[in-house]
Amino acid sequence: MPGGHLTYEDRRKIAEGLAEGLAYAEIARRLGRPRSTVGREITRNGGPHGYRAARAQQATEWRARRRPHPPSGTPATADANGRDPQAVRELEQKLTERFGGVPTMAARVMASLFTSDTGNLTVADLTERLRVSPASISKGVNWLEQVGLVKRERDNRRERYSIDADVWYRAWLVGMRSMTLWADTVREGVDVLGAHTPAGVRLQTASRFFDLISSDMAQATEHYRQTFAGTAE
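Residues numbered from 1 in each chain as written. Predicted model: local features only at pLDDT ≥ 70, side-chain atom pairs only at ≥ 80, totals over all residues. Heavy atoms only, no water.

A. Representation of the packing of helix H1 (residues 8-19) against helix H2 (residues 24-31) in the model. Packing of H1 against H2 leaves a shortest axis separation of 10 Å and a crossing angle of 145 degrees. By crossing handedness, the relation of H1 to H2 is classed as right-handed. In this structure, H1 uses Asp10, Lys13, Ile14, Gly17 and Leu18 to contact H2, whose residues at the interface are Tyr24, Ile27 and Leu31. Looking at the contact of H1 with H2, its residues break down into five nonpolar, one polar and two charged. (Axes fitted to C-alpha atoms, helices over the stretch in contact; angles between N-to-C directions. Helix = DSSP H or I, 4+ residues; strand = E, 2+ residues; numbered from the N terminus. Left-handed = near helix turned anticlockwise from the far one by under 90°. Contact = heavy atoms within 4.5 Å. Nonpolar A, V, L, I, M, F, W, Y, C, P; charged D, E, K, R; others polar.)

Below is the structure:
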């Protein structure tokens, strides 16, 4: 299937889109998948009125089990580093599914960057690797760039996207700023609602929680900085 295998989460979103009366193109846009992929998925699994995510997932698994497998004596051709391409694809799929809270296309781009030896890829590289349009790649990259997980660089006339060893450190800093904003906003809410009202007490508890999390995150960040700064010396 172009663009990689659909996950159960993808199928659940397709079912929700159909229930909302969305066009195939809109469902595909939300998933970051080609419209043709979504259209085939719906057609082969009950059509727009009979599509059910769980049933489609079961049918796909059943079809996969019925496909002929290559003889055990003819393993898949390894890449230049001796790695099994199928195992690499399965790893990318798992990474995509487990990047919690990350839009599907952004997660797919992130997984590709993680599993590439260079840690950087162009739009053309990602388009060929993920079998999606440059516009879909751009959408995923824009989200990753906004949260500081990907760097955009100019390589002659091409744009190149990359990650480095500090990617999670930067992401953690973004999370810290988010926690701080939550704590500040909740404290403002206590003043607005009154410290002795039920709502005010609830917000005070939330404020203490966010302050504690912010403090823990700051300590973890400093621990990371000192540990890896010492390693680099």
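B. Summary view of the sheet that holds strand E3 (residues 158-162). An order of E1-E3-E2 is seen for the three strands of this open sheet, with the pairing classed as antiparallel. Single-partner strands in this sheet number two, and they are strand E1 (120-122) and strand E2 (151-155). Neighbour-to-neighbour, the strand axes of the sheet open up by a mean angle of 30 degrees, direction not taken into account. (Pairing = 2+ DSSP bridges.)

C. Highlighting the environment of Ala135. Here Ala135 shows up in helix H9 (residues 134-146). Ala135 sits in the exposed class, given a relative accessible area of 57%. Sequence-wise, Ala135 and Arg29 are 106 residues apart; in three dimensions their C-alpha atoms are separated by 10.0 Å. (Buried < 20%, exposed > 50% of the residue type's maximum accessible area, 1.4 Å probe, protein only.)

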